[in-house]
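A structural walkthrough
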Amino acid sequence: MVIAIDGPAGAGKSTVARALAGALGFTYLDSGAMYRCVALLSLRDPAEKPAKLAGAASIELGGPGGAVLLDGEDVSGAIRTPEVSRQASVVAADPGVREALVAKQRALLRSGDWVAEGRDIGTVVAPAAELKVYLDADPAERARRRAAELGADARGVLAEQTLRDERDRSREASPLRAADGAVTLDTTGLGVEDVVARITELAGAARG
Ligand code: DC
């Protein structure tokens, strides 16, 4: 079974997807981490085409303690910097990068049970997913959550987030939008447990 969770930054996707995967015994796929890995590679090697870097990269998401391994190197921390976040939304607009990463994601999803999280899981990567959820929340609340996580100023985060959301939604290649048949959940004011409980209910119904 595949549960697809899409939505903008700070809607609670990673926290919810990780908790949900734990509760159901499914494997968690953080597709954003893959775009972040390509962003890191392209910052390190600006002369190379990002699509080529994406195709050649070995990205492992389930390293020790959930570590992200890029060509064997633990980049779990390095891919979470503001610079990489910015660059990730730039390389994510490149159709060649998307093609390479979607192929890797589909290969993973071919067997087993997954909670897969990103921007295009329900629309492109796994449109046949048994359950598709679009998580959203008020922009100011999303920025507050992100700022609390990063220990940063909420106003600065909101400004960056607005730019990234705009880029993710308006790009030509797989723009962020709710998939056909997706259930939209607004998580403004909701706790993680509430959201996880609601999706668990939906998953039970989808399994039949
Ligand atoms: O979810 P995140 O912040 O780790 O995602 C990093 C960037 O990658 C963000 O700008 C959106 C983009 N992304 C994407 O385009 N498609 C995905 N499936 C996942 C992330």
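Here the structure is shown first, and the text comes after it.
Because the structure is predicted, anything quoted here is derived from the model rather than measured.

Scoring rules and cut-offs
- Residues numbered from 1 in each chain as written.
- Predicted model: local features only at pLDDT ≥ 70, side-chain atom pairs only at ≥ 80, totals over all residues.
- Heavy atoms only, no water.
- Near = heavy atom within 4 Å.
- Polar contact = N/O pair within 3.5 Å; in protein donor to acceptor, adjacent residues only side chain to side chain.
- Areas by Shrake-Rupley, 256 points an atom, 1.4 Å probe, with all protein chains shown as cover.
- Helix = DSSP H or I, 4+ residues; strand = E, 2+ residues; numbered from the N terminus.
- Nonpolar A, V, L, I, M, F, W, Y, C, P; charged D, E, K, R; others polar.
- Pairing = 2+ DSSP bridges.
- Axes fitted to C-alpha atoms, helices over the stretch in contact; angles between N-to-C directions.
- Parallel < 35°, antiparallel > 145°, perpendicular 65-115°, else oblique.
- Left-handed = near helix turned anticlockwise from the far one by under 90°.
- Contact = heavy atoms within 4.5 Å.
- Core = buried A, V, L, I, M, F, W, Y, C linked by side-chain atoms within 4.5 Å.
- Buried < 20%, exposed > 50% of the residue type's maximum accessible area, 1.4 Å probe, protein only.
- Salt bridge = Lys/Arg side-chain N within 4 Å of Asp/Glu carboxyl O.

Moving on, we come to the site of the ligand. What surrounds the ligand is a group of 16 residues, the closest being Ser 31, Arg 36, Arg 98, Arg 119 and Asp 120. Residue Arg 98 places a side-chain N or O atom 2.8 Å away from an oxygen atom belonging to the ligand. In this structure, an oxygen atom belonging to the ligand sits 3.4 Å away from a side-chain N or O atom of Arg 164. Surface burial for the ligand is 97%, taken as the share of its 450 Å² of free accessible area covered by protein chains. Broken down by element, the residue count for the shell around the ligand peaks at four residues, all from helix H2 (residues 31-44). Taken together, the residues of the shell around the ligand sort by class into three nonpolar, four polar and nine charged.

Here the focus is the sheet that holds strand S3 (residues 59-60). Sheet strands associate in pairs through backbone hydrogen bonding, adopting either a parallel or an antiparallel arrangement. The strand order across the open sheet formed by three strands is S3-S4-S5, and the pairing between neighbours is antiparallel. Two strands close off the open sheet at either side, each with one partner strand: S3 and strand S5 (73-74). Direction of pairing for S3 relative to strand S4 (residues 69-70): antiparallel, over a ladder of two bridges. In the sheet register, Glu 60 faces S4, and the bridge partner there is Leu 69.

Moving on, we get to the packing of H2 against helix H5 (residues 95-109). At a closest axis distance of 11 Å, the pairing of H2 and H5 adopts a crossing angle of 140 degrees. Relative to H5, the element H2 is oriented oblique. As H2 packs across H5, the resulting crossing turns out to be right-handed. Contacts from Ser 31, Met 34, Tyr 35 and Val 38 of H2 reach H5 at Val 97, Arg 98, Leu 101, Val 102, Lys 104, Gln 105 and Leu 108. Tallied by class, the residues present in the contact of H2 with H5 amount to seven nonpolar, two polar and two charged.

Attention now goes to the nonpolar core. Ile 59, Leu 70, Ile 79, Leu 101 and Leu 109 are the most contacted members of the largest nonpolar core, which has 35 residues in total. Listing elements by their share of this core, those giving two or more residues are strand S1 (2-6), H2, helix H3 (50-56), helix H4 (82-91), H5, strand S6 (114-118) and helix H6 (121-125). Met 1, Phe 26, Val 115 and Val 196 belong to the second-largest nonpolar core, a separate cluster that totals 20 residues.

Judged by pairing direction, the sheet is parallel, and its five strands sit side by side in the order S2-S6-S1-S7-S8 without closing on themselves. Every interior strand has two partners, whereas the edge strands, strand S2 (27-30) and strand S8 (183-186), have only one. With direction set aside, neighbouring strand axes in the sheet form an average angle of 20 degrees. Bridge analysis of strand S7 (residues 131-136) against S8 gives four bridges, and the strand direction is parallel. Across the sheet, residue Val 133 finds its bridge partner in S8, namely Val 183.

In total, this model carries eleven salt bridges according to the counting rule given. Salt-bridge contacts for Arg 86 lead to Glu 160; the nearest nitrogen and oxygen are separated by 3.2 Å. Placement of Arg 86 in helix H4 and of Glu 160 in helix H8 (residues 154-170) is noted, with a sequence separation of 74 residues between them. Linking Glu 141 and Arg 145 is a salt bridge whose minimum nitrogen-to-oxygen distance equals 2.8 Å. You can see Glu 141 and its partner Arg 145 sitting in helix H7 (residues 139-150), four residues apart, about one turn around the helix. Taking the relative accessible area as the measure of exposure, Arg 145 reaches 23% and is therefore partly exposed.

Remember, this is a structural readout, not a statement about activity or role.
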